[in-house]
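This is what each chain is made of:
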Amino acid sequence: MLDNLRKDLRGAIDKIVKSNNVDKETIIALKKDVQRSLIMSDVEAGLVVNVTSRLQQRALDETPPPGLSRKDHVVKILYEEISSLLGDEYTLDVPKDKTMRILLLGIQGSGKTTTCAKLAKILHDKDISVGVIGADNYRPGALAQLKTMCDKSKTEVYGDGANKNADDIVQKGLDHFKDACNVILIDTAGRHRREDELLDEMKSISKVARPDLVILVIDGTVGQQCFAQSKTFHEMVPVGGIIVTKLDGSGKGGGALAAAAATGARIMFISNGERVDDLIPFSPTRFVGRMLDMGDIQAILDLAKRLEAVTDEGRAKRIYRGRMSLIDFLDEMENMAGTGSLKNVLESLPMFAGQLSEKRVNDISSNIEKWRYMIQSMTEEEQMNPDMINRSRIRRIARGSGCTERDVKDLIKSYNSTKTLIKSNKGRKMPDMLRRMGLG
């Protein structure tokens, strides 16, 4: 599932990146490509229509903030809408005034027992007291495995290997821990969607446990089977959270999209190894970026957020009408660099991924630093109207900033090129624009 989805969506993004102009026809074509990709990956049709309709509307209506090209703005929108299928980043909030009961469900072999111990370790490390009930009375050695793994976080496990009644084990476990723990985790037997008896038992356990949260543990390698499995579980017991396992090695995590779509639940954690520490909080944007082999999209999202936050409407209109001052120019460059590592920001843009050497990034940072000194050495009139800067002014600015006259001329040239590009809308071509600014 994931391999095909990655290939199809990557192809759709490549069309945007390589297009000469992102017009209405390009956006509609992108919408159709994304629809086809998601439907072929078993994402529910209604969700696909909603997501792609929002994608088209936003791509057509939204204006990119100054400093972000239209192409990259459309890519940003695509990431956000695909990520919306996976929900927001999840925070496990444990109430202080009651004991929280968490029921773990999953297909046999999904790594549920191991995940239970890993979750106990995460909670323990946050100084949250945890008790674990081992109610898997089908798989030989399940209780022993659970106790061995939970010993690493000094978490107590209640279980009864001789008792085959899962309901009874759960009830006695709840009585055992009572109010002594902040959280009680309940591990259940692995279930197959066609095993009616086990599914009935799952509903029965849920009635006894009265969980505050039901977590579905999904094997990240199951692909297209995931949608049906997740839907079946959700129909039996409403699923409130998802954990995806086996993302190390050959595990691709393709079931995550289908699981989230089938249950409407958020993905809370992902597991990328067998060690008790190999469970990490899930980030939808980073997952989608990795899924599409485009690195970490979070950098470009942070860039866009910062640009949107600092750009007032008046300045945006001034910039796009070709009346950008040198202060505006410097602000936009520093906003980009200020989002974090400049290399991470630039390499998160699809056209720069893997193409920037450390030396080139250092040169870019050095240019921005020089520009700041030179602009600060100008009068306010010169900053607002660079056209008045003649040879004698260039000489004075160079001396005042500790730069060369050539540096000052290069700054003015970059500024003029950028202003012309934005005014003529050619500024939407990010590689060309950054090259002319001395950044590409």
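Located above this text is the structure these notes cover.
Nothing here was measured: the structure is a model prediction, and the numbers come from that model. (Residues numbered from 1 in each chain as written. Predicted model: local features only at pLDDT ≥ 70, side-chain atom pairs only at ≥ 80, totals over all residues. Heavy atoms only, no water.)

**Looking at the overall build of the protein**
Cut-off, in case you're wondering: Secondary structure elements follow DSSP: runs of H or I of four or more residues count as helices, runs of E of two or more count as strands, with numbering from the N terminus. Throughout, exposure labels follow a simple rule: accessible area from a 1.4 Å probe, protein chains only, divided by the maximum for the residue type, with under 20% read as buried, over 50% as exposed, and the rest as partly exposed. The method behind every accessible area is Shrake-Rupley, applied with a 1.4 Å probe, and residues are considered shielded solely by the protein chains displayed.
Along the backbone of the protein there are 20 helices and eight strands. The burial tally for the protein puts 54% of its 440 residues in the buried class. Carbon together with sulfur atoms contributes 46% to the accessible area of the protein, which is approximately 20000 Å² in total.

**What about the environment of Phe177?**
Heads up, the condition is: Residue contacts are counted whenever heavy atoms from the two residues lie within 4.5 Å of one another.
Turning to its location among the elements, Phe177 is positioned in helix α7 (residues 166–177). Each C-alpha atom, one on Phe177 and one on Tyr158, is 8.6 Å from the other, the two residues being 19 residues apart in sequence. Not counting the four nearest positions on each side in its chain, Phe177 is found in contact with Gly131, Val132, Ile133, Glu156, Tyr158 and Ile184.

**A few points about the nonpolar core**
For clarity, the cut-off: Remark: nonpolar core denotes a set of buried residues (Ala, Val, Leu, Ile, Met, Phe, Trp, Tyr, Cys) joined through side-chain atoms within 4.5 Å.
The biggest cluster of nonpolar side chains holds 55 residues, and the ones touching the most others in it are Val34 and Val170. In terms of residue count, the dominant contributor to this core is helix α4 (residues 70–84) (six residues). Beyond its immediate chain neighbours, meaning those up to four positions away, Val170 contacts Ile133, Ala135, Ile186, Ile205, Val208 and Ala209. Formed by 27 residues, the second largest nonpolar core is a distinct cluster that contains Ile102, Ala117, Ile128 and Phe269.

**Some details on the packing of helix α3 (residues 45–61) against α4**
As a reminder, the rule being used: In this analysis, axes come from line fits to C-alpha atoms, helices being fitted only over the stretch in contact, and the angle between any two N-to-C directions falls in the range 0 to 180 degrees. Oblique is the label for any angle not covered by the other classes, which are roughly parallel (under 35 degrees), roughly antiparallel (over 145) and roughly perpendicular (65 to 115). Crossings are assigned a handedness: left-handed for a near helix turned anticlockwise from the far helix by less than a right angle, right-handed for a clockwise turn. The nonpolar class holds Ala, Val, Leu, Ile, Met, Phe, Trp, Tyr, Cys and Pro. Asp, Glu, Lys and Arg form the charged class, and all remaining residues, Gly among them, are polar.
For the pair α3 and α4, interaxial distance at closest approach is 10 Å and the crossing angle is 155 degrees. The angle between α3 and α4 falls in the class roughly antiparallel. Crossing of α3 over α4 shows right-handed handedness. Of the residues in α4, those in contact with Val51, Arg54, Leu55, Arg58, Ala59 and Leu60 of α3 are Arg70, Val74, Lys76, Ile77, Leu78, Glu80, Glu81 and Ser84. Residues belonging to the contact of α3 with α4 are distributed by class as follows: seven nonpolar, one polar and six charged.

**A short note on the packing of helix α5 (residues 112–125) against helix α6 (residues 142–151)**
At a minimum axis distance of 9 Å, the contact between α5 and α6 shows a crossing angle of 25 degrees. Here α5 is positioned roughly parallel relative to α6, judged by the angle of their axes. With respect to the hand of their crossing, α5 and α6 are arranged in right-handed fashion. Counting all contacts with α5, which are made through Thr113, Thr114, Cys116 and Ala117, the residues of α6 involved are Ala142, Gln145, Leu146, Met149 and Cys150. Its residues assigned to classes, the contact of α5 with α6 comprises six nonpolar, three polar and no charged.

**Notes on the layout of surface pockets**
One water molecule sets the probe size; rolling that probe over the atoms shows where empty space is left. What counts here: Think of a 1 Å grid over the protein atoms and nothing else: a 1.4 Å probe that fits but is trapped marks a cavity, an open set flanked by protein within 12 Å on at least five of seven lines marks a pocket, and residues with an atom within 4 Å of a point count as lining. Grid points are joined across faces, edges and corners, and a volume is the space filled by probe spheres set on the points.
Taken as a whole, the second largest pocket holds about 200 Å³ of empty space. As for the second largest pocket, its lining consists of 17 residues, of which Asp136, Asn137, Arg139, Leu143 and Gly161 are closest to the centre. With four residues, the single largest contributor to the lining of the second largest pocket is α6. Classifying every residue of the lining of the second largest pocket gives eight nonpolar, four polar and five charged.

**Thoughts on the sheet that holds strand β3 (residues 156–158)**
Strands pair in a sheet through their backbones, by hydrogen bonds, and they do so in one of two ways: parallel or antiparallel. What counts here: For two strands to pair, DSSP has to find at least two bridges joining them.
Sheet architecture is open: eight strands sit in the order β3-β2-β4-β1-β5-β6-β7-β8, paired in mixed fashion. With partners counted over all chains shown, the strands left at the sheet margins are β3 and β8 (279–281), one partner each. When the angles between neighbouring strand axes are averaged without regard to direction, this sheet yields 25 degrees. Direction of pairing for strand β2 (residues 130–134) relative to strand β4 (residues 183–187): parallel, over a ladder of five bridges. What sits directly across from Ile133, in β4, is Ile186.

**What about unusual backbone geometry?**
Even without glycine at this site, Lys154 takes up a positive phi of about 55 degrees. Turning to its location among the elements, Lys154 is positioned in the loop between α6 and β3. Although it is not a glycine, Lys178 adopts a positive phi angle of roughly 45 degrees. Since its relative accessible area comes to 59%, Lys178 is described here as exposed.

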